[in-house]
Amino acid sequence: MLAYVIRRIWQMIPTLAGVVLLIFFLFNAVGGDPALVLAGKITNQEQIENIRKQLGVDQPYPVQLGYFGFEIATGFTCTYKSFTDPDRAKAKGEGKAAECQSVRSWATNEEVPKILITRIVPTLTIMVPVLLLETIIGVLLAIGVAYVRGTLTDRMIMMVCTVAMSISFLVYIIVAQYYFGFKWGIFPVQGWTDNFWKNLTTYAPLPIMLAVFVGLAPALRLYRSFFLDEINHDYVRTARAKGLSEKTVMLKHVLRNAMIPILTNIGIALPGIFVGSFLLETFFSIPGLGREILVAVNRSDFPVIKAATVYLAMVTMIINLGVDVMYKAVDPRVSFK
């Protein structure tokens, strides 16, 4: 297994390089001139040229790509990026090294690594309980529905799931905020503090409850199909022929074999918890990463958008590796090649 993990980590390097190249060329192709974005209402051409030199975007693409790679690897950006910047020649003549500082947001001048670290905590406070509850409740309900497959209960639950999936998440948020927050006063309508436990016990329950409720319907339908698929296999018929009870067959045999596609689905959903739900974070005033990325897109804050994109790509690759390793733990027949 160790050799497999090392090989997969080694394979991440060219994959990440491809992601960095794609981000770099996409931002240069459709992102517009960063100097004009940063200049805002400044129309003085000389000032715009100075901004362009400071950002290093007057350099050839290979040089800009090198700067971008350096910023990703270190989280720092250096002054005098442009080789034609007279200040660079002057500093070099005086024997001064280029000054480096953390990559900063164009909109708030806040350090980008600090933005990611501080925003990820509120996001995980909401999304980790959502994923855990949604998975546990979804699996338990799905195996129960599969157990009573073909009955009126099964059909009624599937019908409720279909109706629940047909309603927009936005409608759930607005209705829940009105009744649970405004009218009945059970939960605060919105808010967030610096205290983790107060957030988890006071401000997080309503958005968590909403996200679990909305995510449960598709999860239940999907997991039910996994269990029904396993029920028709020969090993299940053999287990029943041995005289095992239906409960034992479902929990001991079917559940274990259905865990592979369930793990795959969890692996697909896991990267999403690190960027959060921008709808929840926006409507409940949660200062999470999803809302920060949305604000950064509206402000054309390229450093934050690029950092979040690379960060999400790295998280996705690490999660995929973790899920592949989990396959072996769940099913010993899986071999690493």
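So, how was this worked out
- Along every chain, residues carry numbers that run from 1 in the direction the sequence is written.
- Local features in this predicted model are restricted to residues of pLDDT 70 or higher, and side-chain atom pairs are both shown and tallied only at a pLDDT of 80 or more, whereas totals for entire chains, interfaces and linings draw on every residue.
- Each side-chain value is derived from all of the structure's non-hydrogen atoms; neither hydrogens nor water enter the calculation.
- Secondary structure elements follow DSSP: runs of H or I no shorter than four residues count as helices, runs of E no shorter than two count as strands, and numbering proceeds from the N terminus.
- For a compact globule the rule gives 2.2 Å times the number of residues to the power 0.38, and the radius of gyration it is set against comes from C-alpha atoms.
- Summary of the burial criterion: residues with accessible area below 20% of their type's maximum are buried, those above 50% are exposed, and those between are partly exposed, where the area comes from a 1.4 Å probe applied to protein chains only.
- Residue contacts are counted whenever heavy atoms from the two residues lie within 4.5 Å of one another.
- Only the protein chains shown count as covering a residue, and every accessible area follows the Shrake-Rupley method with a 1.4 Å probe.
- Counting rule for charge: Lys and Arg are taken as positive, Asp and Glu as negative, and neither His nor the chain ends is counted.
- Where a charge lies is defined by one atom per residue type, namely NZ (Lys), CZ (Arg), CG (Asp) and CD (Glu).
- Side-chain rings of Phe, Tyr and Trp, where Trp is taken by its six-membered ring, are said to pair if the distance between their centres is within 6.5 Å; with planes under 30 degrees apart they count as stacked, over 60 as edge-to-face, and otherwise as tilted.
- Look at NZ for Lys and CZ for Arg. If either is within 6 Å of the ring centre and within 35 degrees of the ring normal, a charge sits over the ring.
- With axes taken as lines fitted to C-alpha atoms, and helix axes fitted only over the stretch in contact, angles between N-to-C directions fall between 0 and 180 degrees.
- What sets the label is the angle itself: under 35 degrees gives roughly parallel, over 145 gives roughly antiparallel, 65 to 115 gives roughly perpendicular, and the rest give oblique.
- Put simply, a crossing is left-handed when the front helix is turned counterclockwise from the back one by less than a right angle, and right-handed when it is turned clockwise.
- Any residue outside Ala, Val, Leu, Ile, Met, Phe, Trp, Tyr, Cys, Pro, Asp, Glu, Lys and Arg is labelled polar, Gly included; the first ten of those are nonpolar and the last four are charged.
- As used in this record, nonpolar core signifies buried Ala, Val, Leu, Ile, Met, Phe, Trp, Tyr and Cys residues forming a set joined through side-chain atoms within 4.5 Å.

K.L.:
Explain the overall build of the chain here, please?
P.N.:
Secondary structure summary: the chain contains 15 helices and 2 strands in total. Computed over C-alpha atoms, the radius of gyration of the chain comes to 26 Å, more than 25% over the 20 Å expected from 2.2 N^0.38 for 337 residues, which places it beyond the range of a compact globule. Seen along its three principal axes, the alpha-carbon backbone of the chain occupies a region of about 90 × 60 × 35 Å. Looking at the chain as a whole, 37% of its 337 residues qualify as buried. For the chain, the proportion of contacts with a sequence separation of at least 24, taken over those separated by at least 6, is 68%. Accessible area for the chain stands at about 19,000 Å²; split by element, carbon and sulfur atoms hold 66% of it. Of the side-chain charges in the chain, 31 are positive and 23 negative, and the distance between the mean point of each set is 10 Å.

K.L.:
So what exactly am I meant to see when it comes to the packing of aromatic side chains here?
P.N.:
Geometry of an aromatic ring pair is reported as the spacing of the ring centres plus the angle between the planes. The tally for this structure, following the rule as stated, stands at 14 aromatic pairs. Here the aromatic residues Y178, Y179, F180, F182, W184 and F187 are joined through ring pairs into a cluster of three or more. For K306, the ring lying beneath its charged end belongs to F27, and the centroid distance is 5.4 Å.

K.L.:
So what exactly am I meant to see when it comes to the packing of helix α14 (residues 289-299) against helix α15 (residues 302-330) here?
P.N.:
A packed helix pair is summarised by two numbers, namely the angle formed by the two axes and the spacing between the axes. Direction vectors running N to C along α14 and α15 enclose 135 degrees, while the axes themselves pass 9 Å from each other. The angle between the axes of α14 and α15 places the two elements in the oblique class. In this structure, α14 meets α15 at a crossing whose hand is left-handed. Taking contact as the criterion, the partners of L289, E292, I293, A296 and V297 in α14 are, on α15, V304, I305, A308 and Y311. Class assignment for the residues of the contact of α14 with α15 results in 8 nonpolar, no polar and 1 charged.

K.L.:
Help me understand the nonpolar core in this model?
P.N.:
What tends to happen in soluble globular proteins is that the nonpolar side chains get buried as a cluster. Within the largest apolar cluster, 69 residues are counted, with the highest numbers of intra-cluster contacts made by I126, Y223, F227 and I262. Residue contacts for I262: discarding those within four places in its chain leaves V139, Y223, F226 and F227. Among the nonpolar cores identified, the runner-up in size contains 5 residues, and Y4, M12, M317 and L321 belong to it.

K.L.:
Is there a simple way to explain unusual backbone geometry in this structure?
P.N.:
The general pattern is negative phi for most residues beyond glycine and trans for most peptide bonds. At N109, a residue that is not glycine, the phi angle is positive and equals roughly 65 degrees. Considering the arrangement of structural elements, one finds N109 in the loop between β2 (100-102) and α6 (112-147). Given a relative accessible area of 47%, N109 falls into the partly exposed group. If you check the backbone angles, S285 has positive phi at about 55 degrees while not being a glycine. Structurally, S285 is set in the loop between α13 (278-283) and α14. A relative accessible area of 26% places S285 in the partly exposed class.

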